[in-house]
Amino acid sequence: MALNHVRSLRVIIAKEAVGVGHRTFAAAGGKAKKGSKGAASDAPKASILSKEVKSTTVVGANILKDGADPKILPDSEYPDWLWHLLDKRPALSELRRKNVDTLPYEDLKRFVKLDNRARIKENNSVKAKN
C-alpha cells in the first residue's frame, strides 16, 4: 500500500517538473502595438450631419432597410395623449392619504394596482421568513 503512494507521488512530481497540470500566463514580452486604442480614439467625432437635417428629422429612427428617417412634424400633428406620458403620477402613499370615494377613475385604477402590488410583496416576504 505504501508503495502505491510512493508511485503516485513520483508521477505527481514528474508532472510538476515537466510543467503538465499547471496553468500559466501568456508571456508578457510581446510587441506593443503602435497607435493602440486609447484616449485619443475615444474622443467624440464631429457630426457629419448638418444642423438643418438634425432639426427636421429624427435621425436613427428608421427601421426599414430602404426607408428614410421620419420627419419631425408640428406639435398639432401628434395625438394629445403623447404629451401626458411624462406627467408625474401620484405615489401609493399619496393615494392612501386621499379619500378613495373622491378619486378620479385613473387614480383609482392606479391605487388598486399599487396596493395589490404592495400586498403581494408583503405576503411574499412573510412567506420567505417562515
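Residues numbered from 1 in each chain as written. Predicted model: local features only at pLDDT ≥ 70, side-chain atom pairs only at ≥ 80, totals over all residues. Heavy atoms only, no water.

As recorded in an unreviewed UniProt entry, the protein goes by Large ribosomal subunit protein mL54 and comes from Corchorus capsularis. The protein has a UniProt comment under Sequence similarities (unreviewed entry) that states "Belongs to the mitochondrion-specific ribosomal protein mL54 family." Checking UniProt for the protein, the heading Subcellular location (unreviewed entry) contains the comment "Mitochondrion". (UniProt positions renumbered as here; feature names shortened; annotations may be inferred.)

K.L.:
Could you give an account of the packing of aromatic side chains, with specific residues and numbers?
P.N.:
Going through the model one piece at a time under the given rule, you end up with one aromatic pair. Plain terms: the ring middles of Tyr78 and Trp83 are 6.1 Å apart, the flat faces sit at 90 degrees to each other, and that makes the pair edge-to-face. Here Tyr78 falls in the partly exposed class, since its relative accessible area comes to 26%. Overall, Trp83 belongs to the partly exposed group, its relative accessible area being 44%. (Phe/Tyr/Trp six-rings, centres within 6.5 Å; stacked < 30°, edge-to-face > 60°. Buried < 20%, exposed > 50% of the residue type's maximum accessible area, 1.4 Å probe, protein only.)

K.L.:
Before we move on, can you summarise the nonpolar core with the specific residues and values?
P.N.:
Ranked by size, the top nonpolar core spans five residues in total: Leu92, Leu95, Leu103, Phe111 and Leu114. Breaking this core down by element, the ones donating at least two residues are helix H3 (92-97) and helix H4 (105-129). Aside from chain neighbours lying at most four places away, what touches Leu95 is Pro90, Leu103, Asp107, Arg110, Phe111 and Leu114. (Core = buried A, V, L, I, M, F, W, Y, C linked by side-chain atoms within 4.5 Å. Helix = DSSP H or I, 4+ residues; strand = E, 2+ residues; numbered from the N terminus. Contact = heavy atoms within 4.5 Å.)

K.L.:
Account for the layout of surface pockets, naming residues and giving values.
P.N.:
Of the pockets and cavities examined, the largest pocket occupies roughly 160 Å³. Lining of the largest pocket is provided by Arg89, Pro90, Glu106, Asp107, Lys109, Arg110 and Lys113. (1 Å grid on protein atoms, 1.4 Å probe; cavity = no way out; pocket = protein on both sides within 12 Å on 5 of 7 lines; lining within 4 Å. Points joined across faces, edges and corners; volume = space filled by probe spheres on them.)

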